[in-house]
Amino acid sequence: AKEMGGRQSVFFDEAMGATVAQRFAIEQALRRALGAQELRLYLQPQTDATGRWRAAEALVRWQHPTQGLVPPAAFVPVAEDCDLIAPLGAWVLEATCAELGRLARAGCRLPIAVNVSPRQFHRPHFVDEVLTALRRHGAEPADLVLEVTEGVVVDDVDAVVERMRALTSEGVRFSIDDFGTGYSSLSYLRRLPIHEIKIDRSFVQDAPRDAGSAALVEAIIAVAERLRLRVVAEGVETPEHAAYFARWPHVLQQGYLHGLPEPAAAVLARWLADECP
Ligand code: C2E
Ligand code: CA
Ligand code: CA
Ligand code: CA
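As the structure is a computational prediction, the values presented were derived from the model and not from experiment.

Visitor: Describe in detail the coordination of the calcium ion (ligand 3), supporting the description with residues and values.
Guide: Protein-derived ligands of the calcium ion (ligand 3) are Asp177 (OD), Asp178 (OD), Glu234 (OE) and Glu234 (OE), with the metal-ligand distances lying across 2.3 to 2.6 Å. All donors of the calcium ion (ligand 3) belong to a single chain; written as a sequence motif, their spacing is D-D-x55-E. Between the two metals, the calcium ion (ligand 3) and the calcium ion (ligand 2), the spacing is 3.8 Å, and Asp177 donates to both. A relative accessible area of 26% means that Asp178 is categorised as partly exposed.

Dropping the structure here:
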């Protein structure tokens, strides 16, 4: 397409490796896409060891008119570098709260986790945005989980804690994403008001066969138990991964084995019909 500088391949390169011109092209196209309602909300289940849904993660996709379904790796990093992460994040929050409101009216509760980028978290009106979206859709704050990475702590931990508390005091919950890949994971566990950690895919996938990864996974789960935090293992792809984590029945599993990310409305309609308690 013309607005992408005539480069059909622009979205197939990892956005991180894109040139300045490609990034600019993506930015222009994304700006248009936000107005054209081209974003889509997908959901992936977080199940217990038996495969039963306990929660879900919201993952954004871009339904591009010519490029097809574009994965977030191709545009979220670009959005983070310009002012587009704000409207993109707001859209995901609205779409998620709309689904949570529908579930609540159907008498069924399923927590949904939303990824929040550091730039979005630090915007002045972030707390208001979240609370307003929940209210507008009649969603239960306790059903909204905000996934942040350690990157959310840029310099002032106390300011981050204060902002998180403004939301947790309303019932919203926080999860630490990609846990174990940052620098100061353990110290943050004690300081941030979180209720869940997600063990990074790299440890999860290596744990069944690699003693070092297994030691890390087991240590993370032991610490989480002591701190009364929930644990999600991400990237559960094989029966071997699932069997490894089944020894901790309270550890939730997320990965292609239990379910691919699918369009939210369709997958929730199916869940309501088949599984809602
Ligand atoms: P993430 O938050 O770590 O999300 C998990 C990613 O792992 C998703 O990729 C998911 O589809 C993928 N995944 C799930 N199960 C498996 C598995 O068994 N094996 C493997 N190899 N991968 C699995 P996805 O949807 O492409 O998203 C990539 C990243 O984009 C996310 O990583 C997140 O950092 C970001 N992202 C996605 N949606 C949003 C959003 O709405 N807002 C923000 N700020 N970032 C988002
Ligand atoms: Ca995530
Ligand atoms: Ca993750
Ligand atoms: Ca990740």
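Visitor: I'd love a proper account of the state of the cysteines, names of residues and values included.
Guide: All chains considered together, the criterion is met by one disulfide. Note that Cys108 is cross-linked by a disulfide to Cys276, the S-S spacing being 1.4 Å. Taking the sign of the S-S torsion, about -60° here, the bridge from Cys108 to Cys276 comes out left-handed. Placement of the pair is Cys108 in the loop between α3 (85-105) and β4 (112-115) and Cys276 in the segment after α11 (264-274), with a sequence separation of 168 residues. Look at Cys108 and you get buried, because its relative accessible area is 3%.

Visitor: Residue-level account of the coordination of the calcium ion (ligand 4), with values.
Guide: The calcium ion (ligand 4) binds to the protein through Asp178 (OD) and Asp178 (OD), with metal-donor distances spanning 2.9 to 3.0 Å. Here the calcium ion (ligand 4) and the calcium ion (ligand 3) are spaced 3.6 Å apart, with Asp178 acting as a shared donor. Assignment of secondary structure puts Asp178 in strand β6 (residues 173-179).

Visitor: Run through helix α5 (residues 126-136), naming residues and quoting values.
Guide: Within α5, the full set of buried residues consists of Phe126, Val127, Val130, Leu131, Ala133 and Leu134. Down the axis of α5, the buried side of the element spans an arc of 160°, and every buried residue falls inside it. Exposed side of α5, more than 90 degrees from the buried face: Arg135 and Arg136 are the residues found there. If you follow the buried residues of α5, they end up packed against α3, α4 (118-121), β5 (144-148) and α6 (157-168). A positive backbone phi angle near 65° is found at Gly138, which sits one or two residues after α5.

Visitor: A description of the packing of α5 against α6 should follow, citing residues and the corresponding values.
Guide: Running from N to C, α5 and α6 cross one another at 15°; their axes reach a closest spacing of 10 Å. Between α5 and α6, the angle falls in the class roughly parallel. Remark: the crossing between α5 and α6 carries right-handed chirality. Here Phe126, Val127, Val130 and Leu131 of α5 lie close against α6, whose contacting residues are Arg163, Ala166 and Leu167.

Visitor: Quick one: what's the story with the environment of Ala58, residue by residue and with numbers?
Guide: Position of Ala58 relative to the elements: it lies in strand β2 (residues 53-64). Ala58 sits 209 residues away from Val267 along the chain, and the two C-alpha atoms are 12 Å apart. What Ala58 contacts, discounting residues up to four positions off in sequence, is Leu41, Tyr42, Leu43, Thr96, Ile112, Ala113, Val114 and Asn115.

Visitor: Kindly report on the nonpolar core, identifying the contributing residues and their values.
Guide: By size, the foremost hydrophobic cluster in this structure holds 83 residues, and its most contacted members are Phe75, Leu146, Leu192, Ile197 and Phe245. Take this core: its biggest share by element is eight residues, from α3.

Visitor: Tell me what's going on with the pairing of β4, and back it up with residues and numbers.
Guide: The pairing of β2 with β4 spans three bridges and is classified as parallel. Of the residues in β4, the one forming a bridge with Ala58 is Val114. For β4 and β5, the ladder comprises four bridges, and the chain directions are parallel. By the bridge assignment for β5, Val114 is matched with Leu146.

Visitor: Describe the site of ligand 1, naming the residues involved and giving the relevant values.
Guide: Lining the immediate environment of ligand 1, one finds 20 residues, of which Arg61, Asn115, Arg201, Glu237 and Tyr256 sit closest. In this structure, an oxygen atom belonging to ligand 1 sits 2.8 Å away from a side-chain N or O atom of Arg61. Taking Glu237, its side chain carries an N or O atom lying 2.5 Å from a nitrogen atom of ligand 1. If ligand 1 stood free it would expose 800 Å²; the protein chains cover 82% of that surface. Counting only elements with at least two residues in the shell around ligand 1, the list comes to β2, β6 and α8 (201-206). Here the element with the most residues in the shell around ligand 1 is β2; it accounts for four residues.

Visitor: Go over the packing of aromatic side chains with me, naming the residues and quoting the values.
Guide: Overall, the coordinates contain six aromatic pairs when judged by the stated rule. Here the aromatic cluster, defined as three or more aromatic residues joined through ring pairs, consists of Phe121, Phe126 and Phe174.

Procedures and definitions
- Chains are numbered independently. Their residues run from 1 in the order of the written sequence.
- Starting at A for chains and at 1 for ligands, labels are handed out in the order in which the entities are written.
- Where totals are concerned, whole chains, interfaces and linings use all residues; where local detail is concerned, this predicted model gives features only for residues with pLDDT of at least 70, and gives and counts side-chain atom pairs only at 80 or more.
- Side-chain measures were taken over the full set of non-hydrogen atoms in the model, leaving aside hydrogen atoms and water.
- Here a donor is any nitrogen, oxygen or sulfur atom (N, O, S) within 2.8 Å of the metal, with 3.2 Å used for Na, K and Ca; water is not among the atoms considered, so some sites may look incomplete.
- Using a 1.4 Å probe on the protein chains alone, a residue whose accessible area is under 20% of its type maximum counts as buried, one over 50% counts as exposed, and one in between counts as partly exposed.
- What counts as a disulfide here is a pair of cysteine sulfur atoms lying within 2.5 Å.
- Only DSSP runs of H or I with at least four residues qualify as helices, and only runs of E with at least two residues qualify as strands; both kinds are numbered from the N terminus onward.
- Each C-beta atom gives one direction from the helix axis, and the arc is the one those directions make.
- Contact criterion: two residues are considered in contact whenever any of their non-hydrogen atoms come within 4.5 Å of each other.
- Angular values range over 0 to 180 degrees, each being the angle between N-to-C directions of two axes fitted as lines to C-alpha atoms, with helices fitted over their stretch in contact.
- The labels follow the angle: roughly parallel below 35 degrees, roughly antiparallel above 145, roughly perpendicular from 65 to 115, and oblique for the rest.
- Should the near helix be turned anticlockwise from the far one by less than a right angle, the crossing is left-handed, and should it be turned clockwise, the crossing is right-handed.
- By nonpolar core is meant a set of buried Ala, Val, Leu, Ile, Met, Phe, Trp, Tyr and Cys residues that side-chain atoms within 4.5 Å join together.
- Between any two strands, at least two bridges found by DSSP are needed for them to pair.
- Residues are counted as near a molecule or strand when any one of their heavy atoms sits within 4 Å of it.
- Counted as a polar contact is a pair of N or O atoms within 3.5 Å, where, for protein atoms, one must be capable of donating a hydrogen and the other of accepting one, and residues adjacent in sequence contribute only when both atoms are in side chains.
- For every accessible area listed, the method is Shrake-Rupley and the probe measures 1.4 Å; residues are considered covered only by the protein chains on display.
- Between the rings of Phe, Tyr and Trp (Trp by its six-membered ring), a pair exists once the centres lie within 6.5 Å; its type follows the angle of the planes, with under 30 degrees stacked, over 60 edge-to-face, and the other angles tilted.

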